[in-house]
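The chain contents come next:
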Amino acid sequence: MASARVVRRQGSVVSASSEYFKSPGCFTCSCMRPRYKRLVDNIFPANPQDGLVKNNMEKLTFYSLSSPEKLDRIGEYIFQRASRDISRKKTCYVIIAMEAMDQLLSACHSQTLNLFVESFLRMVQKLLESTEPDLQVLATNSFVKFANIEEDTPSYHRRYDFFVSKFSSMCHNNATDIQVRKTLRLAGIRGLQGVIRKTVSDDLVENIWEPVHMDKILPSLLFNMQESEYYKGGNGTRDDRDPNEPGVLADTCIRELVGRASFGHVGSLLRPVLRHLDQHSLWVPNEFAVHTFRIIMSSIQTQYSYAVVENLMSHLDSNINSSAKIRTSIVNVLSKIIAISAEESVGPSVLEIINSLVGHLKNSVTKREDFGEEIYREALISCLGEFSAHLPDYQKVEIMVFIVSKVPVGDVSGPEKLLQEMLLKSLLIISKKYTNVSMTTTFPVLLLEPMLRLCGNLEMTTLVQGVFHALLDRQGNLEKLRRPRIYPMHLKTEPCSRADTVFIRKYGEDIYGRILDAMSLPGNSLRTYSSLYTTLALVAIELISLSNITSYLTAVYSIQEVATTQASLSTKQKFHLHSICITLLHLILSILQIQPLGDYCDKIIEQRKNRAPHLLPDLKEDYGNTSPDIEVELLLDQNKLESMLRESGLDTGVLTRALTHRHSWVENTSVSMKGSVTDLNNLDLDSANSTPGLQRKYPEEELSFEAMKRILSDNNEQRKAENRRKQAELCLAFRTTAFSEIVNNNTVKDEDTLQTKLMELLQKNLPPVNPLPLQTEGPIYEVLFPELFAY
């Protein structure tokens, strides 16, 4: 019996060993176990379906708070139990262990929590390594809770490589069960979100911005966005987004990640995004690329937004040899986001972006011409315009100066000619976005002079004038001035400011001269003449007042001179010029209301209506068999114009002189040359001193008191009439006299050479020489200084 009891006793012991941690005996092995192990054992119920024993869990929590130095041992013991239960497929006990770990992690905030966290992360990793989707989701949820806890003490040795890799792989889960696939992808995205929150806020932990991590995180998030039915359905902008949709959650995660990026992290952030778009051929079509970069631009810190544009520009540089469609799509993405960064771009960053866009234009014009390249260039110009439109006006001017400095000058062909056109189109886009306040600010010398030089380019005249139109038109009259019209147009005008008056006085002759040179070109079309007319009409509205109208009338009258004297122009072109001349005169007089000149202009218009309607607008492409001869009465008369100006009390001096700055073929604007024979009509006689054989003053002129008195008392009008007569005679002589005779009359004779005249002047102005006394009484020194040699 005793032996049987022993056996039974032994049997009871053996049977108790299967319930090792649950024996209630006072003298069993469990009584000798440490207290923290007994507390941990007690949280597990006999029936796992009952879940965590709450009372015992409270005891364990109180013990952990009372003895924080035991936390690491508690965590290690729970991890050992959970590992054993995972291997034995006791999922319920594993869930209880994970719940206990979560509660301890939330309750304990001490300096020794780091030691417990190591066991916690090992347990999370153990669950993530299992093949059970439920355990992976459970581990992910626990990790997210841990990520939201702010630790008091930083950790220097903790690494999250495994979690980044595991959560990224979960984002790409491709299970056959759609619900399981969606659940695991959502868990992976939440896990990555937790890693981001845990790492980017603490500089002492592992650097999440390293390429090894970014190359896993961002492609995983982008994959879920592009694979989501939500985005495939085109509902990416709707407000009723489902937060349980993987694409929506990935969107939120990317926004959070980008929002935490500093300036140095922008490159690390964008490289995997651009690589993902390249590898998955998401540039064409580029709807997803546009959506992605809009998310980035709306989430990144404002002061770093221009860095995104710079990285995208660099990517465009690296795709310089890609197909035109890919490059066009990249530029279109730039156009969509570049406006956001424009306001934060300053100084060198602005010109760097503009220079890059201009560089791509230059490269494009050298490629084989096809439809794709043409679309690509138009996209570049549009992108440049979008960027400039959101910059301050002073930066727009700087950009225009920069672009015009890149425009090829002179007669060019092939790629350079195409580049000219593209750059001028870029200027036109920018000028339409500019708000003109002051002409001096709008037209700095570095912009005005190159633009005026380009007026002589026959094929680019229309584009150049388009830039002038956009910059000059401040009152919104451009559409009414597209073509010459005589009838009232109800234009909006304002008085010319003092600053604008100074501007037109300084640069008016240059502007008028260049436009007249452009009008003299034989190849001009009706469209070209209309654009030149529009420029002069805008100048009249914006810049002309009673103080400077004489110069403008001189330019208008010179248009008629070009039409009457330029033999290379066709009859149609001459008719166009006569129409433009009378239209501009009518326009400026209707604005300033100068009655005598207005009556004179109306009289000529009425005569042309009755006798020569082809000399009035509208301009036509074909005038039929209209005679080229024009009656003198139908033309403007310079003398009558002067008379009308005097009647109005205005200065007539400028009208008697031609435009001196007519240098359409001279690049150096500091040199003044006569542009054509028509300038001789208004040749200033003061230049006669440079012509041999002509005297600076007439023989009857003298410089004395009586002569000055006579000038003041004599009739000034008679003297002016005499001067005009002599000027006309000189002009007629140069026009009608044979060339050989002009040469003979103006050849320097031997007696009139410079050397002869110089010797005559020197001889006349030599100082008198006092002759020395004759040497009759000894040496000269004794004669001059006798006191020195007295004995």
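Just so it is clear, the structure is predicted and the values come from calculations on it, not from any experiment. (Residues numbered from 1 in each chain as written. Predicted model: local features only at pLDDT ≥ 70, side-chain atom pairs only at ≥ 80, totals over all residues. Heavy atoms only, no water.)

Some remarks on the overall build of the protein chain
Here comes step 1: Across its full length, the protein chain holds 34 helices and zero strands.
Here comes step 2: Per-residue burial for the protein chain yields a buried fraction of 46% across its 791 residues.
Here comes step 3: Of all intrachain contacts in the protein chain linking residues separated by at least 6 positions in sequence, the fraction that spans at least 24 positions is 71%.
Here comes step 4: Taken as a whole, the protein chain presents about 40,700 Å² of accessible surface, with 53% of it coming from carbon and sulfur. (Helix = DSSP H or I, 4+ residues; strand = E, 2+ residues; numbered from the N terminus. Buried < 20%, exposed > 50% of the residue type's maximum accessible area, 1.4 Å probe, protein only. Contact = heavy atoms within 4.5 Å. Areas by Shrake-Rupley, 256 points an atom, 1.4 Å probe, with all protein chains shown as cover.)

Quick notes on the environment of Val-273
Here comes step 1: Its place among the elements puts Val-273 in helix 13 (residues 266-279).
Here comes step 2: By relative accessible area, Val-273 is classed as buried at 3%.
Here comes step 3: Along the primary structure Val-273 and Leu-218 are separated by 55 residues, whereas in three dimensions their C-alpha atoms are 6.6 Å apart.
Here comes step 4: The contacts of Val-273, once residues within four sequence positions are left out, are Leu-218, Leu-222, Thr-292 and Ile-296.

Points about the packing of aromatic side chains
Here comes step 1: Applying the stated criterion across every chain yields a total of 17 aromatic pairs.
Here comes step 2: Ring centres of Tyr-36 and Tyr-77 lie 6.4 Å apart, and the angle between their planes is 90°; this geometry places the pair in the edge-to-face category. Of the two residues, Tyr-36 is situated in helix 2 (residues 35-42) and Tyr-77 in helix 4 (residues 71-87); the sequence distance between them amounts to 41 residues.
Here comes step 3: Relative accessible area serves as the criterion here: at 11%, Tyr-36 is assigned to the buried category.
Here comes step 4: Residue classification places Tyr-77 among the buried residues on the basis of a relative accessible area of 6%.
Here comes step 5: Pairwise contacts between aromatic rings join Phe-120, Phe-143, Phe-146, Tyr-160, Phe-162, Phe-163 and Phe-167 into one cluster.
Here comes step 6: The residue whose ring lies beneath Lys-198 is Phe-146, and the NZ or CZ to ring-centre distance is 4.4 Å.
Here comes step 7: A cation over an aromatic ring shows up here: Arg-327 above the ring of Tyr-376, its NZ or CZ 4.5 Å from the ring centre. (Phe/Tyr/Trp six-rings, centres within 6.5 Å; stacked < 30°, edge-to-face > 60°. Lys NZ or Arg CZ within 6 Å of the ring centre and 35° of its normal.)

As for helix 5 (residues 91-107)
Here comes step 1: The terminal C-alpha atoms of helix 5 lie 25 Å apart, and with 17 residues this matches the ideal 24 Å at 1.5 Å per residue to within 8%.
Here comes step 2: Taken together, the buried positions of helix 5 are occupied by Tyr-93, Val-94, Ile-96, Ala-97, Met-98, Ala-100, Met-101, Asp-102, Leu-104 and Leu-105. (Expected span 1.5 Å × (residues − 1).)

Brief notes about helix 2
Here comes step 1: Of all the positions in helix 2, only Tyr-36, Leu-39, Val-40 and Asp-41 are classed as buried.
Here comes step 2: Turning to helix 2, the residues buried within the fold contact helix 3 (54-66) and helix 4.

Considerations on the packing of helix 10 (residues 211-227) against helix 14 (residues 287-299)
The description of two packed helices rests on the angle between their axes and on the distance between the axes.
Here comes step 1: Contact geometry of helix 10 with helix 14 gives a least axis separation of 11 Å together with a crossing angle of 130°. Relative to helix 14, the element helix 10 is oriented oblique. Of the two possible hands of crossing, helix 10 and helix 14 adopt the one that is right-handed. From helix 10, Leu-222, Met-225 and Gln-226 reach across to helix 14, where they touch Phe-288, His-291, Thr-292 and Ile-295.
Here comes step 2: Looking at the contact of helix 10 with helix 14 residue by residue, the classes come out as four nonpolar, three polar and no charged. (Axes fitted to C-alpha atoms, helices over the stretch in contact; angles between N-to-C directions. Parallel < 35°, antiparallel > 145°, perpendicular 65-115°, else oblique. Left-handed = near helix turned anticlockwise from the far one by under 90°. Nonpolar A, V, L, I, M, F, W, Y, C, P; charged D, E, K, R; others polar.)

Focus: the environment of Leu-257
Here comes step 1: On the secondary structure map, Leu-257 appears in helix 12 (residues 246-259).
Here comes step 2: Using a relative accessible area of 0% as the deciding quantity, one classes Leu-257 as buried.
Here comes step 3: Note: C-alpha distance between Leu-257 and Val-200 (57 residues apart in sequence) is 8.6 Å.
Here comes step 4: Apart from residues lying up to four places away in sequence, Leu-257 is in contact with Ile-196, Trp-209, Met-214, Ile-217, Leu-218 and Leu-269.

A short note on the pattern of salt bridges
Here comes step 1: Enumeration over the complete set of coordinates arrives at 21 salt bridges.
Here comes step 2: In this structure, Asp-161 and Arg-159 form a salt bridge, with 3.1 Å as the shortest nitrogen-oxygen distance.
Here comes step 3: For Glu-256, the salt bridge goes to Arg-260, with nearest N and O atoms at 3.4 Å.
Here comes step 4: Note on Glu-256: relative accessible area 17%, which makes it buried.
Here comes step 5: With a relative accessible area of 37%, Arg-260 lands in the partly exposed category. (Salt bridge = Lys/Arg side-chain N within 4 Å of Asp/Glu carboxyl O.)

A look at the packing of helix 3 against helix 5
Here comes step 1: Packing of helix 3 against helix 5 leaves a shortest axis separation of 10 Å and a crossing angle of 40°. By the angle between their directions, the pair helix 3 and helix 5 is classed as oblique. Relative to helix 5, helix 3 is oriented so that their crossing is right-handed. Of the residues in helix 5, those in contact with Met-57, Leu-60, Thr-61, Ser-64 and Leu-65 of helix 3 are Ala-100, Gln-103, Leu-104 and Ala-107.
Here comes step 2: When the residues that make up the contact of helix 3 with helix 5 are grouped by side-chain class, the tally is six nonpolar, three polar and no charged.

Description of the nonpolar core
Here comes step 1: Grouped together as the largest cluster of nonpolar side chains are 201 residues, with contacts concentrated most on Phe-293, Ile-403, Met-519, Ile-544 and Tyr-552.
Here comes step 2: Apart from the residues lying within four places of it in its own chain, the contact partners of Met-519 are Asn-524, Tyr-529, Leu-532, Leu-536, Ile-559, Val-562, Leu-569, Leu-577 and Ile-580.
Here comes step 3: Counting residues in each nonpolar core, the second largest holds seven residues, with Leu-526, Phe-575, Leu-615 and Tyr-623 among its members. (Core = buried A, V, L, I, M, F, W, Y, C linked by side-chain atoms within 4.5 Å.)

Some words on the side chain of Arg-327
Here comes step 1: Along the chain, Arg-327 falls in helix 16 (residues 324-342).
Here comes step 2: In this structure Arg-327 comes out as buried when scored by relative accessible area, which is 3%.
Here comes step 3: Aside from chain neighbours lying at most four places away, what touches Arg-327 is Leu-316, Asn-319, Ile-320, Ser-322, Lys-367, Glu-373 and Tyr-376.

Looking at unusual backbone geometry
Here comes step 1: In this structure, the amide linkage connecting Val-284 to the following residue, Pro-285, adopts the cis form with an omega of -10°.
Here comes step 2: Within the secondary structure, Pro-285 is located in the loop between helix 13 and helix 14.
Here comes step 3: Here Pro-617 and Asp-618 are connected by a cis peptide whose omega angle stands at 5°.
Here comes step 4: As for its position among the elements, Asp-618 is in the loop between helix 28 (595-611) and helix 29 (638-647).
Here comes step 5: Phi is positive for Lys-89, which is not a glycine, with a value near 65°.
Here comes step 6: By the secondary structure assignment, Lys-89 is in the loop between helix 4 and helix 5.
Here comes step 7: Residues other than glycine seldom take positive phi values, yet Ser-281 does so here, at roughly 55°.
Here comes step 8: Within the secondary structure layout, Ser-281 lies in the loop between helix 13 and helix 14.

A look at the confidence of the model for the protein chain
Here comes step 1: On average, residues of the protein chain carry a pLDDT of 80, and 78% of them reach 70 or more.
Here comes step 2: Across residues 1-28, confidence stays below pLDDT 50; counting only partners more than four residues off in sequence or on other chains, it has 15 contacts.
Here comes step 3: Segment residues 658-700: pLDDT under 50, and 76 contacts once partners within four positions in sequence are set aside and those in other chains are kept. (pLDDT = per-residue confidence, 0-100.)

Regarding a nonpolar patch on the surface
Here comes step 1: A cluster of nonpolar side chains, Leu-758, Met-759 and Leu-762, forms an exposed patch at the surface whose accessible area comes to about 250 Å².
Here comes step 2: Residue classification places Met-759 among the partly exposed residues on the basis of a relative accessible area of 36%. (Patch = residues over 30% accessible without salt bridge, like charges linked within 9 Å, V, L, I, M, F, W, Y side chains within 5 Å.)

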